[in-house]
Amino acid sequence: ITISSQRYLDDAIVAQKVEAQDFTVLVSPEFEVAGIVVRVVLDGHHSYAAAIESGVHPEFVEATGSDHDAVGIEQDNAEEFLIITHMGDDYYNIETGGDVW
């Protein structure tokens, strides 16, 4: 599942993303934590919302180490990765909105 810990969205930014048709979402590689295979939204929360609002599928792009300093540790230390990439809210499934843990 794809998860995030950022629930805040600025409606004006979402509207700009819709107009620009910017639906690209940067995600971590998949990894397992607490028995669940997840990937974390690292950037593109507004683009994801814009895609959903526009009725199109977001374009998920898997991050590399050059995209985000934390990428690479998720396989060896999932909990540390979740701490480093935490954005303030509880981690939730971006498709359902339900909390993961």
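These figures come from a predicted structure and were not determined experimentally. (Residues numbered from 1 in each chain as written. Predicted model: local features only at pLDDT ≥ 70, side-chain atom pairs only at ≥ 80, totals over all residues. Heavy atoms only, no water.)

> When you look at the nonpolar core in this model, what are you seeing that I'm missing?
One broad trend across soluble globular proteins is that nonpolar side chains are buried collectively. Counting residues in hydrophobic clusters, the biggest one holds 15 residues, and the most contacted among them are Ile-3, Phe-31, Val-33, Val-40, Leu-42, Phe-81 and Leu-82. Elements with a contribution of two residues or more to this core: strand S3 (31–33), strand S4 (36–43) and helix H3 (78–84). Grouped together as the second largest cluster of nonpolar side chains are 6 residues, Val-25, Val-27, Tyr-48 and Tyr-92 included. (Core = buried A, V, L, I, M, F, W, Y, C linked by side-chain atoms within 4.5 Å. Buried < 20%, exposed > 50% of the residue type's maximum accessible area, 1.4 Å probe, protein only. Helix = DSSP H or I, 4+ residues; strand = E, 2+ residues; numbered from the N terminus.)

> Sorry, what's going on with the environment of Asp-11 here?
By secondary structure assignment, the location of Asp-11 is in helix H1 (residues 11–20). With relative accessibility at 66%, the residue Asp-11 sits in the exposed group. Sequence separation between Asp-11 and His-46 is 35 residues, and the spatial gap between their C-alpha atoms is 8.5 Å.

> What should I look at first to understand the packing of aromatic side chains in this one?
In this description, an aromatic ring pair is defined by two values, namely the gap between the centres and the angle between the planes. Across all of its chains, the model carries 3 aromatic pairs by this definition. Measuring from ring centre to ring centre gives 6.2 Å for Tyr-48 and Phe-60, while their planes differ by 40°; the resulting arrangement is tilted. On the criterion of sequence distance, the pair formed by Tyr-48 in helix H2 (residues 45–54) and Phe-60 in strand S5 (residues 59–62) is long-range, its members being 12 residues apart. A relative accessible area of 14% places Tyr-48 in the buried class. A relative accessible area of 29% places Phe-60 in the partly exposed class. On the numbers, 6.0 Å between centres and 80° between planes, the contact of Tyr-91 with Trp-101 is edge-to-face. Here the residue Tyr-91 occupies a position in the loop between H3 and strand S6 (92–93), and Trp-101 occupies one in the segment after S6, the gap between them amounting to 10 residues. Of note, Arg-7 hangs over the ring of Tyr-92, and the distance from its end group to the ring centre comes to 3.9 Å. Between Arg-39 and the ring centre of Phe-60, over which it is positioned, the NZ or CZ distance is 4.3 Å. (Phe/Tyr/Trp six-rings, centres within 6.5 Å; stacked < 30°, edge-to-face > 60°. Lys NZ or Arg CZ within 6 Å of the ring centre and 35° of its normal.)

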